[in-house]
Amino acid sequence: MTEVAGLAPELAGAKEGQGQVPVASAGERFTSYDVEAFEVPGGREENWRFTPLKRLRGLHDGTAALDGAAAIEVGGAGGTADARSADAPRGVTVETVGRDDTRLGDGGVPADRVAAAAWSAFREATVVTLDGTPEPVTISVTGPGAGADAAVHLQLRTTAHTEATVVIEYRGSGTVADNVEVVLGDGSRLTVVITEEWAEDAVHVGAQHFSLGRDATVKATSVLLGGDLVRISPTVSYRGPGGDAELLGLGYADAGQHLEQRLFVDHAVPHCRSNVLHKNALQGAAGRPDAHTVWIGDVLIRAAAENTETFEFNRNLVLTEHARADSVPNLEIETGEIAGAGHASATGRFDDEQLFYLCSRGIPEDVARRLVVRGFFGEILNAITLPELRERLEAAIESELAISGV
Amino acid sequence: MSILEITDLHVSVTTDDGPKELLHGVDLTVRGGETHAIMGPNGSGKSTLAYAIAGHPRYEVIAGSVTLDGADVLEMSVDERARAGLFLAMQYPVEVPGVSMANFLRSAATAVRGEAPKLRTWVKEVKTAMSDLDIDPAFADRSVNEGFSGGEKKRHEVLQLSLLKPKIAILDETDSGLDVDALRVVSDGVNRYRAAGDVGVLLITHYTRILKHITPDVVHVFAGGRIVASGGADLANELEEHGYEKYAATGSGAEVAS
Ligand SMILES: Nc1ncnc2c1ncn2[C@@H]1O[C@H](COP(=O)(O)OP(=O)(O)OP(=O)(O)O)[C@@H](O)[C@H]1O
Ligand SMILES: [Mg+2]
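Analysis parameters
Residues numbered from 1 in each chain as written. Chains lettered and ligands numbered in written order. Predicted model: local features only at pLDDT ≥ 70, side-chain atom pairs only at ≥ 80, totals over all residues. Heavy atoms only, no water. Helix = DSSP H or I, 4+ residues; strand = E, 2+ residues; numbered from the N terminus. Buried < 20%, exposed > 50% of the residue type's maximum accessible area, 1.4 Å probe, protein only. Areas by Shrake-Rupley, 256 points an atom, 1.4 Å probe, with all protein chains shown as cover. Pairing = 2+ DSSP bridges. Axes fitted to C-alpha atoms, helices over the stretch in contact; angles between N-to-C directions. Contact = heavy atoms within 4.5 Å. Near = heavy atom within 4 Å. Polar contact = N/O pair within 3.5 Å; in protein donor to acceptor, adjacent residues only side chain to side chain. Nonpolar A, V, L, I, M, F, W, Y, C, P; charged D, E, K, R; others polar. Buried area = accessible area lost by both parts, 1.4 Å probe. Salt bridge = Lys/Arg side-chain N within 4 Å of Asp/Glu carboxyl O.

Asker: Can you break down the overall build of chain A residue by residue, with the values?
Answerer: Assigned secondary structure in chain A consists of 4 helices and 19 strands. Across the 406 residues that make up chain A, the buried fraction comes to 57%. A total of about 15,600 Å² of accessible surface is found on chain A, and carbon and sulfur atoms cover 48% of it.

Written as structure tokens, this is what we have:
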């Protein structure tokens, strides 16, 4: 059965996002490992038009030297003991490799100038290979420090039929451009949680390359909380049929923060699934630059990708004035034989009427606002299966609420 | 026994052309055990009165007083008023996406009762209250009022009334938009609330059909931002037959005078 859904039924009455036809088809986008192969963006290009280039600290135009050092530690879910040591958890191999390692690039190729700049600049890459059913692994990336900039390269690999959980935590100050490759072996299942818990000054422009083998499943959750500007571009591609990608995410943008998520799911093989849900909450403040979130969701179903099932959904909750949420869902279908495809986007305001309604039932104002934000993010946070991590993130969101007096 | 006393209440809103006075001196006392009906033409200020008592930020009280058992209601924040025992079933209940009905009801009950209700009894209490109002239990997982039909919203207002058990309840056109069966279900709900305690009800309506289910002790005619006449239950029948024409003059007169 062929069905192309527009707005999800539960959204009847919600504001429909403007789906737009991009300048060029997503399928024809340019990719290269070489930074010089890309033009320096001027800001009007389709893939840069929402990003404040002035705040990129030269990542896009070659003026950032990318000569700083970001610390990368790999350990168990609880601690930070470096797994490169002899007592690394079973089934986890951590390697620091040179640029010539032939596995690099298995996940994908940079599709914008900053990703290519990071690829051209990194000196060593960290490759984490997961085999069997290892304990959860935590990888922490700490920024190079205020005023410095660094290129990072990370690759996660699962062997066939592995079941693993990985947490990647970004912290600290400075500017980071990176590529994260996630290469799934046939039939493997990977749960990955990526948290952006940067200090206030940090700028992070990242490309994530998910490559799924036959019957592989990835469940990725992105949590964007910190940083001055965070722009993440995940790409999902399938190497064989039966692949299943679930991408959940949340962003909490406060005054002056720019959080951008640009997704590209490339369905080029039959019988694969993708399911995307990204939620942003925004709270600005008078006299400060807008809190800004951007969500771009490009899903391409190529002619060969029969029986694809895909749904993508972006939902934004505007808590205050001085906030702007841009949302562009975009679904391109080149085959008539799909199992189901839909996309939707809805932006709603938490307004005085809602606050009045909740308070008129006795609920104090701060509790009312928390109720709304918690309810909004619950769907994403509840999917995080590591209780300690989930609690830490819940607490981090609560404290953002508290700081801004919401 | 509770007592809500409204004395010489003047209320205005801010418009593009400056402040506009909507209530021109309302005097009304509702005691526990009493049911008052307020009837009046569209735009006469009935909802304004209800919102002003509940503390909606859009309405500014420029003169007069509102007290509940002697305490100054106008000094209280919106949530404090609810915790003091006031409840407003709204004419247009607000949709709150992302907050489940279950979570909302529990948070409200926790706030009003001063402690979180025990989980086991609470679940049962909500279930019973929902089935009393013919509400499908599946609504508990839906966002507050989101996508509810007009009638479903009204039922949920009465559901909140029955769980929060206020001292004084103001029902703003809770009967509007209900079919005959729903009207009976909702009226039964209000009557259960009335019977359960020594509570006061202020019922704003356009129709006598609800007054056949919920008998008022007093009927007030509201026109031009004030109460222009009060009487017994039969005043409602007279209004239904002859309309508000005879009071219109009084109402507009008041506006001119202000
Ligand atoms: N923000 C506002 N700006 C200007 N006029 C307002 C504003 N709010 C209310 N009004 C006006 O105040 C008057 C009273 O409104 P209100 O909603 O209290 O009437 P009502 O008696 O409840 O009417 P209905 O029977 O239609 O519900 C109306 O004329 C309305 O247009
Ligand atoms: Mg009204």
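That covers the picture; the talk isn't over yet.
Asker: How would you summarise the sheet that holds strand S16 (residues 291-301) of chain A if you had to cite specific residues and measurements?
Answerer: What holds strands together in a sheet is hydrogen bonding between their backbones, with the strands either parallel or antiparallel. All names here are of chain A. Reading across from one edge, S3-S4-S6-S8-S10-S12-S14-S16-S18 is the order of the 9 strands in this open sheet, with mixed pairing throughout. Either end of the sheet is taken by a strand with one partner, and the two such strands are strand S3 (92-98) and strand S18 (323-333). Between one strand axis and the next, the sheet turns by 10° as a mean value, whatever way the strands run. Where strand S6 (residues 149-158) meets strand S8 (residues 175-184), 10 bridges bridge the pair, whose relative direction is parallel. When the bridges of S8 are listed, Asp149 appears paired with Thr175. Lying over the sheet, helix H1 (residues 113-121) contacts S6, S8 and strand S10 (203-212), oriented at roughly 85° with respect to S8.

Asker: Account for the site of ligand 1, naming residues and giving values.
Answerer: Residues and elements named next belong to chain B. Around ligand 1 there are 17 residues in total, and Gly43, Lys46, Ser47, Thr48 and His206 lie nearest to it. Side-chain polar atom of Asn42 to an oxygen atom of ligand 1: 2.9 Å apart, as the coordinates give it. Of all the secondary structure elements, the ones that give two or more residues to the shell around ligand 1 are strand S1 (3-15), strand S2 (18-31) and helix H1 (46-54). Among the elements that make up the shell around ligand 1, the one with the highest residue count is H1 (3 residues). Looking at side-chain class alone, the shell around ligand 1 contains 4 nonpolar, 9 polar and 4 charged residues.

Asker: I'd love a proper account of the interface of chain B and chain A, names of residues and values included.
Answerer: Interfaces are often described in size by the accessible area the parts lose on coming together. At the interface, 33 residues of chain B touch 16 residues of chain A. Buried surface at the junction of chain B and chain A, both sides included, amounts to about 2,000 Å², of which 66% is carbon and sulfur. There are 3 salt bridges connecting chain B and chain A. Two residues, Arg315(A) and Glu146(B), come together in a salt bridge whose shortest N-O distance is 3.2 Å. Summed over the shared surface of chain B and chain A, the result is 11 residue pairs in polar contact (both at pLDDT 80 or more). Of all the secondary-structure elements, those providing two or more residues to the side of chain B that touches chain A are H1, helix H2 (78-84), strand S6 (86-89), strand S7 (96-100), helix H3 (101-113) and helix H5 (150-164) of chain B.

None of the figures reported here should be taken as evidence of function without further support.
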